[in-house]
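# Close look at the chain arrangement
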Amino acid sequence: MTLRVTLLVALLAVPGHALAQDDALGARVMNAVRQALAPALPFPASDDLGSMPAGDNTTSPWMVRPLQPGDRTIEVLANPLNEDNQRKATRAMAQIELSIESAQRRADLQYERAIAEAKRTGRSQDVDGVTLSDEGLAGARIDAESHVTIEVLFNQPAYRVEIASSVEPAPSRQAHVPGSVAVIAVPSNVFRDAGHERLCEAETQVYLGRVSVPEVRRRDDARYEVTAGGTPSDSGSPVTAIVLRLRGNEALIADLLRKGNWSALLELLK
C-alpha cells in the first residue's frame, strides 16, 4: 500500500513540475525577445490594460504593455496622450463617420424598398442594419496603424499561419535579419471577402533556429497558408527555434527588424 501511494504521488507531481518548467522556459524566451527588441522600443510602459502610458507621458508616440505571466505576445500600442496620435485619430474618425452615414443611407433605402415590396406582395424581407463593419477601411487602417502585435512561437514541431490578403506572402526584399532562416512579409493591402472590402494589416514573420524554410500555399483568391517544419526541444538545447509574427504598423515593424539585437536572441538558440 505504501509503495502504491508513493508511486501515485510521484506520478501526480510530474505534470505540475513539467508545467512549471514550461512556464519558466516561456518566460525566459519572452524576456529574451523583449530584450532583443528593446533598442527599437525606447518607449514607456503602459498600464496593465494598455490604456494609458506610465507617468502620463505625452511625448512618446508609442507605449509597450508590460509582460504578464504566461504571455506569448508583446503588444506595442499608440500613445493616446500624444498630440500627433490624437490628430490622426480625429482625421480617421471623420472618415469613419462618412462611411457610417453612407451605410445608414443605404440601409434606409433598403428599408423603404422592403416596405414597398411587402405592401405589394405581402411578404416580408430582411433588411441590413448598420454594423461595426460599416466603419469601412478608415476604421481598419487606424486600428492597424495604431499597434504592433509581436506573437512569439517556439519549440513547435510545425508552424502554420493563415493570412487573408490580396498579396501573396513572400520573402522580404527590404528586411534582413542576420542569422534568420527566412523573413516572410505581406504589405498592408485591401482584399474582398463575401463582397466586402477588408484590410489586411502589414505582417512580417521571422524564422530563427532549427526550422525549415517556410512554404506558401494559396488556399483561395484571398487566403494563404504559410507552413514550416520545426524541431521539438531536447535535453541538449532547451530552445531549438523561435518564430516571430509581427503585425500592424509597417513603419514600426521595419524599425524593429532594423534595430533589433538579433545576435543576442540567436545566443538563446545555441
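For the structure itself, consult the block above.
The structure displayed is predicted, hence computed values, not measured ones.

### A few points about the overall build of the protein
In terms of regular secondary structure, the protein is built from five helices and twelve strands. In the protein, which comprises 270 residues, the share counted as buried stands at 36%. When contacts within the protein are restricted to residue pairs at least 6 apart in sequence, those whose partners lie at least 24 apart make up 63%. Carbon and sulfur atoms make up 53% of the accessible area of the protein, which amounts to about 15,700 Å² in all.

### A word on the sheet that holds strand β11 (residues 223–229)
Ordered by their spatial adjacency, three strands build an open sheet running β4-β11-β10, and the pairing between neighbours is antiparallel. Two strands close off the open sheet at either side, each with one partner strand: β4 (158–164) and β10 (215–220). Shown here is a sheet whose adjacent strand axes are inclined to one another by a mean of 20°, direction ignored. Here β4 runs beside β11; their pairing, made up of seven bridges, is antiparallel. Bridging from a neighbouring strand, Tyr 159 pairs with Ala 228 of β11.

### Some thoughts on the nonpolar core
Ile 242, Leu 244, Leu 256 and Leu 265 are the most contacted members of the largest nonpolar core, which totals 34 residues. By residue number, the principal contributor to this core is helix α1 (residues 2–37), which donates six residues. Here Leu 244 is in contact with Val 33, Glu 151, Val 152, Thr 204, Gln 205, Val 206, Trp 262 and Leu 265, once residues within four sequence places are set aside. Listed in part, the 16 residues of the second largest apolar core include Leu 153, Tyr 159, Tyr 207 and Val 243.

### Here we look at the sheet that holds strand β3 (residues 147–154)
The seven strands are arranged β1-β2-β3-β12-β9-β6-β5 in an open sheet whose pairing can be described as antiparallel. Strands at the two margins of the open sheet, each flanked by one partner only, are β1 (62–64) and β5 (170–171).

### Topic: the pairing of strand β7 (residues 189–193)
Note: β7 against strand β8 (residues 196–200), five bridges, orientation antiparallel. Counterpart to Val 190 in the pairing with β8 is Leu 199.

### Notes on unusual backbone geometry
Positive phi is not limited to glycine here, since Asp 56 has a value of about 55°. Phi angles above zero are rare outside glycine, and Asn 155 is one such case at about 55°. Within the secondary structure, Asn 155 sits in the loop between β3 and β4. Residue Asn 155 is classed as buried on the basis of its relative accessible area of 13%.

### Side note on empty space enclosed by the protein
Applying the stated criterion across every chain, the model contains one cavity of 30 Å³ or more. In this structure, the largest cavity spans a volume of roughly 30 Å³. Arg 65, Pro 66, Leu 67, Asp 71, Thr 73, Ile 74 and Glu 75 together form the lining of the largest cavity. Residues belonging to the lining of the largest cavity are distributed by class as follows: three nonpolar, one polar and three charged.

### Observations regarding the pattern of salt bridges
Going through the model one piece at a time under the given rule, you end up with 15 salt bridges. Put simply, Glu 75 and Arg 65 hold a salt bridge, and the shortest N to O gap is 3.7 Å. You can see Glu 75 sitting in strand β2 (residues 73–78) and its partner Arg 65 sitting in the loop between β1 and β2, a full ten residues away along the chain. Taking relative accessible area as the criterion, Arg 65 reaches 21% and is therefore assigned partly exposed. The partner of Glu 151 in a salt bridge is Arg 247, and the shortest N-O contact between them spans 3.1 Å. Placement of Glu 151 in strand β3 and of Arg 247 in strand β12 (residues 241–248) is noted, with a sequence separation of 96 residues between them. When salt bridges that share partners are traced, they join Glu 151, Glu 203, Arg 245 and Arg 247 into one network.

Rules used in this analysis
Residues numbered from 1 in each chain as written. Predicted model: local features only at pLDDT ≥ 70, side-chain atom pairs only at ≥ 80, totals over all residues. Heavy atoms only, no water. Helix = DSSP H or I, 4+ residues; strand = E, 2+ residues; numbered from the N terminus. Buried < 20%, exposed > 50% of the residue type's maximum accessible area, 1.4 Å probe, protein only. Contact = heavy atoms within 4.5 Å. Areas by Shrake-Rupley, 256 points an atom, 1.4 Å probe, with all protein chains shown as cover. Pairing = 2+ DSSP bridges. Axes fitted to C-alpha atoms, helices over the stretch in contact; angles between N-to-C directions. Core = buried A, V, L, I, M, F, W, Y, C linked by side-chain atoms within 4.5 Å. 1 Å grid on protein atoms, 1.4 Å probe; cavity = no way out; pocket = protein on both sides within 12 Å on 5 of 7 lines; lining within 4 Å. Points joined across faces, edges and corners; volume = space filled by probe spheres on them. Nonpolar A, V, L, I, M, F, W, Y, C, P; charged D, E, K, R; others polar. Salt bridge = Lys/Arg side-chain N within 4 Å of Asp/Glu carboxyl O.

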